[in-house]
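# Report on the structure
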Amino acid sequence: MRVTVAVDCMGGDYGPAVTVPAAVSLLRDDSSVGVILVGLAADIEAQFKRSHASASSFGDRLVVRHASEVVGMDEPPAVAMRSKKDSSMRVMADLVKSGEAQAAVSAGNTGALMAISRYVLKTLPGIDRPAIASILPTQTGRGVYVLDLGANVDCTAEHLLQFGIMGAELVACVEHKTAPTVGLLNIGEEDIKGNEVVKQAAALLRASGLNFYGNVEGNDIFKGTTDVVVCDGFVGNVALKSAEGLAHVMRTFLQEEFKRNVFTKLAGLVAMPVLNAFKKRVDHRGYNGASLLGLRGIVLKSHGSADAYGFECALRRAVEEVRTGMLAHISERMAHIHGQNQLQNQAYSQTQSSVPADGQPAPDAMKTNGIAA
C-alpha cells in the first residue's frame, strides 16, 4: 500500500531549500511512498532546478499542489487559521482530511499548526485535547517519548491519562514494543508527592490497564527509566527547552576548552574520533519529528531549524505511524477504557440505588457486590 505524505514546503527557517530535497531523498529511497509538496509552486520548482531533480522523474508519486499563502513563524494562530485559508499549512491539513494524503509534516509555526490541524481534522473519540509528543535520547541507547511538550498548559488528571494512552500506543506502533512502560513526571517517586492533579492522574493511570511504572523524576527522562513520560504542556516544554539549553552549553564549553591553547588543540585532534561518535549519538536530527497525537489524522511537527536530513527523519516517522495503524490503535484503546468506565459507573449506580434510607445496603445488593450478608 502506498503511503502519501503532504508536506508544508514553506514552513520552517529554510522552506523549500530543506523540505524539497528531503522529500526527494525519501522518494528515491522508498518506492512505496508518495509525496504532495504544498506551497508556492514557483519556489518549489526553482528548488527542483537547484537540486538537479525533476518532479516528473517520480511519476505520480510526486505532486506539487500550489498554495498562494504562507503562515509566518511568528504569526498568531487565530489569524493563520481564519485569514489564510489557502496557506500551505491549511491546504496540507485539508489533503489529510480528504484522504488524498495519509499524513502531514510541517516545520512551520507550532501554534498555527496545532490550531489548523485541530480545526480541520478534529480529535479522535474520547480525546479531549491533542498533545505534542517527541522522542528524546537516553543513556540506554533507545529514546524516550515525552508528552505533552507545549500544546496544553493546564491539564486535568483525565487529560494526563489520555496522554499516557496515546504515548503508549505510539511507542507500541513505532518501536514495535509490547506493553511499553509509562511514567508520570513528578517531583518525587513517592505516591504522596505532587499536586492533586498529578496524584489523581497516577490513580487513573494505575487503573487504566497500561504498563504504568509510577512517578518518575526529571533525571529519569534521560536515564530511560520508562518508554513514555507523561506531563502537562507547561512542565514538558520547560523540560525540553532546559535540555536543549544544557546541550548547547555543553557543546560550547567543549569547543572553548579545546581551543584554549595549542596543547588543548592537539588533545582535540586526538579525541576527534570520540567526539564524533559522541556527536552522532546525541544528534538531535535523528529524533526530529514531534507527533500531534489525538487528531483524526497523522500530523508531525518538524523542528523549524531542521536541515534536509532532519526533515527527512520526520517524514519517515510519519510514514511509520501510518503503516503501523497508530490511529486505529489509539481509538481502540480509548473505546476499551471508555467501556470499562461505563461498566464501573453502572455498577456504582446500581449499588447506590439499592441503599435504603438507613444507609445499609439491602441483602441482595450486598450479595451482588460480593459482600456476605
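Computed from a predicted structure; not experimentally measured. (Residues numbered from 1 in each chain as written. Predicted model: local features only at pLDDT ≥ 70, side-chain atom pairs only at ≥ 80, totals over all residues. Heavy atoms only, no water.)

## Considering the overall build of the chain
Assigned secondary structure in the chain consists of 14 helices and eleven strands. With respect to the three principal axes, the spread of C-alpha positions in the chain is 85 × 55 × 35 Å. Counting all 373 residues of the chain, 45% fall into the buried class. Sequence separation of at least 24 residues holds for 72% of the intrachain contacts in the chain that already meet a minimum separation of 6. Counting only carbon and sulfur atoms, one obtains 56% of the accessible surface of the chain, whose full area is about 18,400 Å². (Helix = DSSP H or I, 4+ residues; strand = E, 2+ residues; numbered from the N terminus. Buried < 20%, exposed > 50% of the residue type's maximum accessible area, 1.4 Å probe, protein only. Contact = heavy atoms within 4.5 Å. Areas by Shrake-Rupley, 256 points an atom, 1.4 Å probe, with all protein chains shown as cover.)

## Details of the packing of aromatic side chains
Per the counting criterion, the structure on display carries zero aromatic pairs. Across from the ring centre of Tyr119, 5.0 Å away, lies the NZ or CZ of Lys122, which sits over that ring. (Phe/Tyr/Trp six-rings, centres within 6.5 Å; stacked < 30°, edge-to-face > 60°. Lys NZ or Arg CZ within 6 Å of the ring centre and 35° of its normal.)

## Some points on the nonpolar core
Core analysis: the largest hydrophobic core is formed by 67 residues, its most contacted members being Leu37, Phe48, Leu184 and Leu315. Ignoring sequence-local partners within four residues, the contact set of Phe48 consists of Val20, Val24, Leu37, Ala53, Ser54, Ala55, Leu62 and Val64. Ranked by size, the runner-up nonpolar core spans 36 residues in total, among them Ala93, Ile132, Leu136 and Val229. (Core = buried A, V, L, I, M, F, W, Y, C linked by side-chain atoms within 4.5 Å.)

## Regarding the side chain of Asn152
Along the polypeptide, Asn152 turns up in the loop between strand 6 (144–147) and helix 6 (157–174). Not counting residues within four places of it along the chain, the set of residues in contact with Asn152 comprises Arg129, Pro130, Ala131, Phe163, Asp232, Gly233 and Phe234.

## Examining helix 7 (residues 196–206)
Those residues of helix 7 that fall on the buried side of the exposure criterion are Val198, Ala201, Ala202 and Leu205. An end-on view of helix 7 places all buried positions within 105 degrees of arc, on one side of the element. Here the buried face of helix 7 lies against helix 6, strand 7 (181–185) and strand 8 (211–216). Looking at where helix 7 begins, the residue whose side-chain oxygen comes 3.3 Å from the main-chain nitrogen of Val197 is Asn195. (Arc of directions from axis to C-beta. Polar contact = N/O pair within 3.5 Å; in protein donor to acceptor, adjacent residues only side chain to side chain.)

## Concerning the sheet that holds strand 8
A sheet is described by the order of its strands in space; here eleven strands give the open sequence 3-2-1-4-11-10-5-6-9-7-8, paired in mixed fashion. With one partner strand each, in any of the chains shown, strand 3 (62–66) and strand 8 form the two edges of the open sheet. Between one strand axis and the next, the sheet turns by 25 degrees as a mean value, whatever way the strands run. For strand 5 (residues 131–136) and strand 10 (residues 290–293), the ladder comprises three bridges, and the chain directions are antiparallel. The partner of Ala133 across the bridge, within strand 10, is Ser291. Running over the sheet, helix 6 touches strand 5, strand 6, strand 7, strand 9 (228–230) and strand 10 and is turned about 165 degrees from strand 9. (Pairing = 2+ DSSP bridges. Axes fitted to C-alpha atoms, helices over the stretch in contact; angles between N-to-C directions.)

## Some thoughts on the side chain of Thr19
Mapped onto the secondary structure, Thr19 falls in helix 1 (residues 16–29). At a separation of 3.1 Å, a polar atom in the side chain of Thr19 contacts the main-chain carbonyl oxygen of Cys9. Not counting residues within four places of it along the chain, the set of residues in contact with Thr19 comprises Val7, Asp8, Cys9 and Phe311.

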